[in-house]
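Below are the chains, spelled out letter by letter.
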Amino acid sequence: MPDEDLQNVEHIYEPHKIQSNYLASRSPESLKYILKGRMAETLAMELFRDLGFFIRSFGVEHIFIENTQLSTFVSNLGANYSDVHTEDGRALGKAPDFVVLGQNGKTFLIEVKYRNSGIVNREKDYSSFIYYPCAIIVLNNGINWDNFVQFYGDKIDVSKKNEYLNSRFHVHYIRYQQGINMSEKSGKERIQNIAISPLPSWLLFNFELKYESTIKLSSAESVSVKDVLGKYNGLVKLIENIV
């Protein structure tokens, strides 16, 4: 990133001041939502770590320090850097929270949201899709199936009803179509091709992690996918207890 661009973005975000001033300036109500979001992000990161993934933070507060070669990094993830680089820095403000690298070598940019009912605000919550080829993991505290189907329609697979109901982690992702390069489409066009999967199905499809399988983390340690998902499904309930 050119020095003048970095200076422009720093002027907007002043990342060195975020940690000291950001929370202190918030009202109690907005602070509650910030804390819920931070907790959701932490739970998602730790879930992936427990499943043997390598994690790297990618949010705007980390990019300036750890990732000056943003153009190369984004290109390697399959996006056109010109789509995510803007003079006013808005794309950096929409940067996903972290990157996961699976044991099969697959990499995903991950954005995390907490929505108690599992229902998102498409305009607000899908903004990362405009700039990044990411997956958005939406933590929920239990869904109403009828409302869920009515809101999302053909973006979900109704044959997996029980899996949606039992999972507190739903993955919203760009549904790639054969013969169509979605990375060349505009952000708004990509949003029209969103699909939603329960986390167990997404892990199976992308990382070959079966729900009943055991992952070897080291020569002396292994973990059950089912047990890890069950543990974190239970922990999501703690988020709504923040009052």
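A few words now on the pairing of strand E4 (residues 135-139). Among the 5 residues of E4, 5 are classified as buried, and the element is accordingly described as predominantly covered. With 5 bridges connecting them, strand E3 (residues 107-114) and E4 associate as parallel partners. Each bridged residue has a counterpart across the sheet, and for Lys113 the counterpart in E4 is Val138. In this sheet, strand E5 (residues 169-174) lies alongside E4 in antiparallel orientation, the contact comprising 5 bridges. Looking at E5, one finds that Ile137 is bridged to Val171.

As for its position among the elements, Ser128 is in helix H9 (residues 127-131). The exposure class of Ser128 is buried, given its relative accessible area of 3%. Discounting chain neighbours no more than four positions away, the residues touching Ser128 are Lys94, Glu111 and Cys134.

Moving on, we come to the nonpolar core. With 33 residues, the main nonpolar core has Leu139, Trp202 and Leu203 as its most contacted residues. Breaking this core down by element, the ones donating at least two residues are helix H3 (28-50), strand E2 (98-101), E3, E4, E5, helix H13 (199-207) and helix H14 (225-236). No other element matches the 6 residues that H3 contributes to this core. Excluding residues that lie within four positions of it along the chain, Trp202 makes contacts with Phe48, Phe108, Ile110, Ala135, Val171, Tyr173, Ser197 and Phe207. Val120, Tyr126, Ile143 and Ile196 belong to the second largest nonpolar core, which has 22 residues in total.

With that settled, consider H14. An ideal rise of 1.5 Å per residue puts 16 Å on 12 residues; H14 measures up with 17 Å between its terminal C-alpha atoms. Here H14 has its buried residues at Val225, Val228, Leu229, Tyr232, Asn233 and Val236. Seen from one end, H14 has its buried residues packed into an arc of 135°, which puts them on one side. Put simply, Ser224 is the residue that caps the front of H14, since its side-chain oxygen is 3.4 Å from the backbone nitrogen of Lys226.

In this structure the tally under the stated criterion is 13 aromatic pairs. For the pair Phe48 and Phe98, a centre-to-centre distance of 6.2 Å together with 65° between the ring planes defines the contact as edge-to-face. Separated by 50 residues along the polypeptide, Phe48 in helix H3 and Phe98 in strand E2 bring together distant segments of the chain. Relative to Phe129, the ring of Tyr126 has its centre 5.4 Å away and its plane inclined at 65°; by these criteria the two rings are edge-to-face. The rings of Phe48, Phe53, Phe98, Phe108, Trp202 and Phe207 are connected pair by pair, giving a single aromatic cluster. Taking NZ or CZ as reference, Lys32 lies 5.3 Å from the ring centre of Tyr33, over its face. Just above the ring of Phe151 sits the side chain of Arg122; from NZ or CZ to the centre is 4.1 Å.

All right, on to the packing of H3 against H14 then. One can describe the packing of H3 onto H14 by two numbers: an axis separation of 10 Å at closest approach and a directional angle of 170°. As far as their axial angle goes, H14 and H3 are roughly antiparallel. On H14, the residues that touch Leu43, Glu46, Leu47 and Asp50 of H3 are Val228, Leu229, Lys231, Tyr232, Leu235 and Val236. Residues that form the contact of H3 with H14 fall into these classes: 7 nonpolar, no polar and 3 charged.

Let us now look at the pattern of salt bridges. Under the counting rule described, the total for this entry stands at 5 salt bridges. Its salt-bridge partner being Lys113, residue Glu111 comes within 3.2 Å of it at the nearest N-O pair. Taken as a pair, Glu111 and Lys113 share a single burial class, namely buried.

To continue, consider the environment of Lys106. Within the secondary structure layout, Lys106 lies in the loop between E2 and E3. Each C-alpha atom of the pair Lys106 and Phe53 lies 10.0 Å from the other, and the pair is 53 residues apart in sequence.

Rules used in this analysis
- Residues numbered from 1 in each chain as written.
- Predicted model: local features only at pLDDT ≥ 70, side-chain atom pairs only at ≥ 80, totals over all residues.
- Heavy atoms only, no water.
- Buried < 20%, exposed > 50% of the residue type's maximum accessible area, 1.4 Å probe, protein only.
- Helix = DSSP H or I, 4+ residues; strand = E, 2+ residues; numbered from the N terminus.
- Pairing = 2+ DSSP bridges.
- Contact = heavy atoms within 4.5 Å.
- Core = buried A, V, L, I, M, F, W, Y, C linked by side-chain atoms within 4.5 Å.
- Expected span 1.5 Å × (residues − 1).
- Arc of directions from axis to C-beta.
- Polar contact = N/O pair within 3.5 Å; in protein donor to acceptor, adjacent residues only side chain to side chain.
- Phe/Tyr/Trp six-rings, centres within 6.5 Å; stacked < 30°, edge-to-face > 60°.
- Lys NZ or Arg CZ within 6 Å of the ring centre and 35° of its normal.
- Axes fitted to C-alpha atoms, helices over the stretch in contact; angles between N-to-C directions.
- Parallel < 35°, antiparallel > 145°, perpendicular 65-115°, else oblique.
- Nonpolar A, V, L, I, M, F, W, Y, C, P; charged D, E, K, R; others polar.
- Salt bridge = Lys/Arg side-chain N within 4 Å of Asp/Glu carboxyl O.

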